[in-house]
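Structure at a glance
Residues per chain are reported as follows:
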Amino acid sequence: MATSSITHNFVLSDRDSVEMFIEAIELSERDEPRPHITHGRLLTDRREILELMSKVK
């Protein structure tokens, strides 16, 4: 579970809320990780890099 996205404090004030929170954490640990999709490619050719950089203002 990605904890870096939690930016606010929250309070679990009753037993039901605590149990639901724990169950959610346990379910997230069992989830299959999704594949990371990259929208692009690695440029290693000097000419391709220069061509791309010429388009940058």
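Residues numbered from 1 in each chain as written. Predicted model: local features only at pLDDT ≥ 70, side-chain atom pairs only at ≥ 80, totals over all residues. Heavy atoms only, no water.

**Looking at the overall build of the protein**
Along its length, the protein carries 2 helices and 0 strands. The proportion of buried residues among the 57 residues of the protein is 0%. (Helix = DSSP H or I, 4+ residues; strand = E, 2+ residues; numbered from the N terminus. Buried < 20%, exposed > 50% of the residue type's maximum accessible area, 1.4 Å probe, protein only.)

**Re the pattern of salt bridges**
This structure, assessed with the given rule, holds 2 salt bridges. With its nearest N and O atoms 3.2 Å apart, the salt bridge here joins Arg15 to Glu19. Taken together, the residues Arg15 and Glu19, both in helix α1 (residues 15-30) and 4 residues apart, mark about one turn of the helix. Judged by its relative accessible area of 41%, Glu19 is partly exposed. (Salt bridge = Lys/Arg side-chain N within 4 Å of Asp/Glu carboxyl O.)

**Some remarks on α1**
Along its 16 residues, α1 runs 23 Å from first to last C-alpha, staying within 8% of the 22 Å computed at 1.5 Å per residue. Put simply, Asp14 is the residue that caps the front of α1, since its side-chain oxygen is 3.2 Å from the backbone nitrogen of Asp16. (Expected span 1.5 Å × (residues − 1). Polar contact = N/O pair within 3.5 Å; in protein donor to acceptor, adjacent residues only side chain to side chain.)

**Section: the environment of Leu43**
Within the secondary structure, Leu43 is located in the loop between α1 and α2 (46-54). Residue class for Leu43 comes out partly exposed when judged on its relative accessible area of 25%. Setting aside chain neighbours within four positions, we find Leu43 in contact with Glu48, Ile49 and Leu52. (Contact = heavy atoms within 4.5 Å.)

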